[in-house]
Amino acid sequence: MDHFLYKTGVLHAEDVPLAEIAAQVGTPFYVYSTATLTRHFRLFQEALAGTNHLVCFAVKALSNVAVLRVLAGLGAGMDVVSGGEYRRARAAGVPGDRIVFSGVGKTRDEMALVLSEGIRQINVESLEELHVLSEVAHGLGATAPIALRVNPDVDAKTHEKIATGRKEDKFGVPIARAREIYAQAAHLPGIRVVGVDVHIGSQLTDLAPFEMAFTKIADLTRELRADGHTITRLDLGGGLGIPYTRSNETPPLPLDYGAMIRRVLGDLDVEIEIEPGRLIAGNAGLLVASVIYTKPGEGRDFLILDAAMNDLIRPAMYGAHHDIVPVLEAQAATEQRPVDIVGPVCESGDTFAKARPMPPLDAGALVAFRSAGAYGAVMSSEYNTRPLIPEVLVDGDQFAVIRARPTFDEILARDTLPTWLAS
Ligand code: LLP
């Protein structure tokens, strides 16, 4: 459920008509609903209620500092994958002891940053990284609390590009090698083992792969404890999928996910960490665009929008489906025919949807892409020198720009001429 509904004939974000935001901010823009973010975060809190747990929002899904501040205010921890994301979480007011640091390629600088400013846990992904971390921590006179990310060799049955838990994927260490690596970790200076970490992929629409992975983690935890390690936390990653269409998708509910976690891990007496991104942010955001032209094509017409693949890459990159609806309800109600919905970028891949039934829309009409809150703005670029588009946060009847559209002067000022070309 989200808070983007038609009221008085216009699609609203909570109590704000999208047409009003478009008039003030200009299209295209992203808009996020505080009530939806809050609702989705609380679903996880409720799903794990009564257990010792921390819900760490995956900052990569939607990293605007204002959004992080909303979630931090609800008690969220954060999962970050770079020094940049760590800085965002801190700028949003999240203390270091509520931030976990994941990722296969942490640099010494990033390690030093989080160790000096405070970190709850570093999810180590290789023996090589473990040794570097030990060196950096020891050099700083610090101790790094670590969990080893294990690769359980489980197929998440999701899109090829976002499955991360099969043995051929670059993530984690093979679960069969985990005990040997923990044994080394126990003797390394600057390292304190606190837990085990796993993340098998994103947009999972079935609980079975999660259960398979968590069962392996539970067994490993018992073995590690028998080996003498203190395992007090299990980080189960993120990955729970969302419905991208209104009709035929019914991914598992957070409540069922929580029940499965209790069933599989309940007797281990550990603190549970989860790292959801998409389920919290995905359906809490829209991308709003205007029609520039309708252009007759061979067979099908093109609806050419002012948003493009640089603003929302998911359809071009993963063949992802996003519902696209007119902002005016009267337009939504008229007879539909199939069109190709495209952006202005100079690639045929700049196609949001092929043969999508749409009502007739004239130039200037507003449309909204649903489910665009996660992996939308964060994956955008300035390809074709199209400025990054604004982000807007709504809370009830108020809205504010939380990232402004850069001016062309700002964009051009980032390029500099070397001396030999300057005169
Ligand atoms: N934890 C780790 C270690 C991750 O790598 C990810 C996502 C998450 C948590 C959050 O997963 P979520 O709950 O959002 O599924 N750009 C792709 C998705 C990439 C996901 C990367 N890792 C997309 O647009 O579908």
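Here is what the cut-offs are and how they apply
- Residues numbered from 1 in each chain as written.
- Predicted model: local features only at pLDDT ≥ 70, side-chain atom pairs only at ≥ 80, totals over all residues.
- Heavy atoms only, no water.
- UniProt positions renumbered as here; feature names shortened; annotations may be inferred.
- 1 Å grid on protein atoms, 1.4 Å probe; cavity = no way out; pocket = protein on both sides within 12 Å on 5 of 7 lines; lining within 4 Å.
- Points joined across faces, edges and corners; volume = space filled by probe spheres on them.
- Helix = DSSP H or I, 4+ residues; strand = E, 2+ residues; numbered from the N terminus.
- Nonpolar A, V, L, I, M, F, W, Y, C, P; charged D, E, K, R; others polar.
- Expected span 1.5 Å × (residues − 1).
- Buried < 20%, exposed > 50% of the residue type's maximum accessible area, 1.4 Å probe, protein only.
- Arc of directions from axis to C-beta.
- Contact = heavy atoms within 4.5 Å.
- Pairing = 2+ DSSP bridges.

Where an unreviewed UniProt entry is consulted, the chain appears under the name Diaminopimelate decarboxylase, with the organism given as Roseinatronobacter ekhonensis. Here is the UniProt Cofactor (unreviewed entry) comment for the chain, exactly as written: "pyridoxal 5'-phosphate". According to the UniProt record, the Catalytic activity (unreviewed entry) comment for the chain reads "meso-2,6-diaminopimelate + H(+) = L-lysine + CO2".

Colleague: Honestly, the layout of surface pockets in this entry has me stumped. Any pointers?
Modeller: Within this model, the largest pocket holds a volume of roughly 660 Å³. Considering the residues around the largest pocket, the lining is formed by 29 residues, among which K60, T164, F171, H199 and Y375 are closest to the centre. Where the lining of the largest pocket is concerned, the elements lending two or more residues are helix 10 (278-281) and helix 11 (314-318). At 3 residues, the largest contribution of residues to the lining of the largest pocket is made by helix 11. Of the residues that constitute the lining of the largest pocket, the class distribution is 12 nonpolar, 8 polar and 9 charged. Considering only enclosed or pocket space, the second largest pocket measures out at about 470 Å³ in volume. Taken together, 22 residues form the lining of the second largest pocket, with M1, H40, P243, L253 and N283 sitting closest to its centre. Of all the elements in the fold, those that place two or more residues in the lining of the second largest pocket are helix 2 (34-47) and helix 9 (254-265). Take the lining of the second largest pocket: its biggest share by element is 4 residues, from helix 2. Here the lining of the second largest pocket is built from residues that sort into 11 nonpolar, 5 polar and 6 charged.

Colleague: Whenever I open this one, helix 9 confuses me. Can you help?
Modeller: Given a rise of 1.5 Å per residue, 12 residues ought to cover 16 Å, and the 16 Å separating the end C-alpha atoms of helix 9 matches this to within 8%. Buried residues of helix 9: P254, Y257, G258, M260, I261, V264 and L265, and no others. All buried residues of helix 9 lie within an arc of 160° about the axis, which places them on one face of the element. Pointing more than 90 degrees away from the buried face of helix 9 are the exposed residues L255 and R263. Its buried side turned inward, helix 9 meets helix 2, helix 8 (208-226), strand 12 (233-235), strand 13 (271-274) and helix 10.

Colleague: I'm lost on the environment of L18 in this one. Help?
Modeller: Considering the arrangement of structural elements, one finds L18 in helix 1 (residues 18-25). The spacing of L18 and V114 is 96 residues in sequence and 39 Å in space, taken between C-alpha atoms. Excluding its chain neighbours within four sequence positions, the residues that come into contact with L18 are V10, L11, H12, A13, F29, V31, L286, V288, V327 and A368.

Colleague: How should I be thinking about the sheet that holds strand 3 (residues 16-17) in this particular structure?
Modeller: As a general point, the strands of a sheet are linked pairwise by backbone hydrogen bonds and lie either parallel or antiparallel. Reading across from one edge, 1-2-3 is the order of the 3 strands in this open sheet, with antiparallel pairing throughout. The sheet terminates laterally at strand 1 (4-7) and strand 3, the two strands that pair on one side only. In terms of strand pairing, strand 1 meets strand 2 (residues 10-13) through 4 bridges, oriented antiparallel. Its bridge partner lying in strand 2, L5 is registered against H12.

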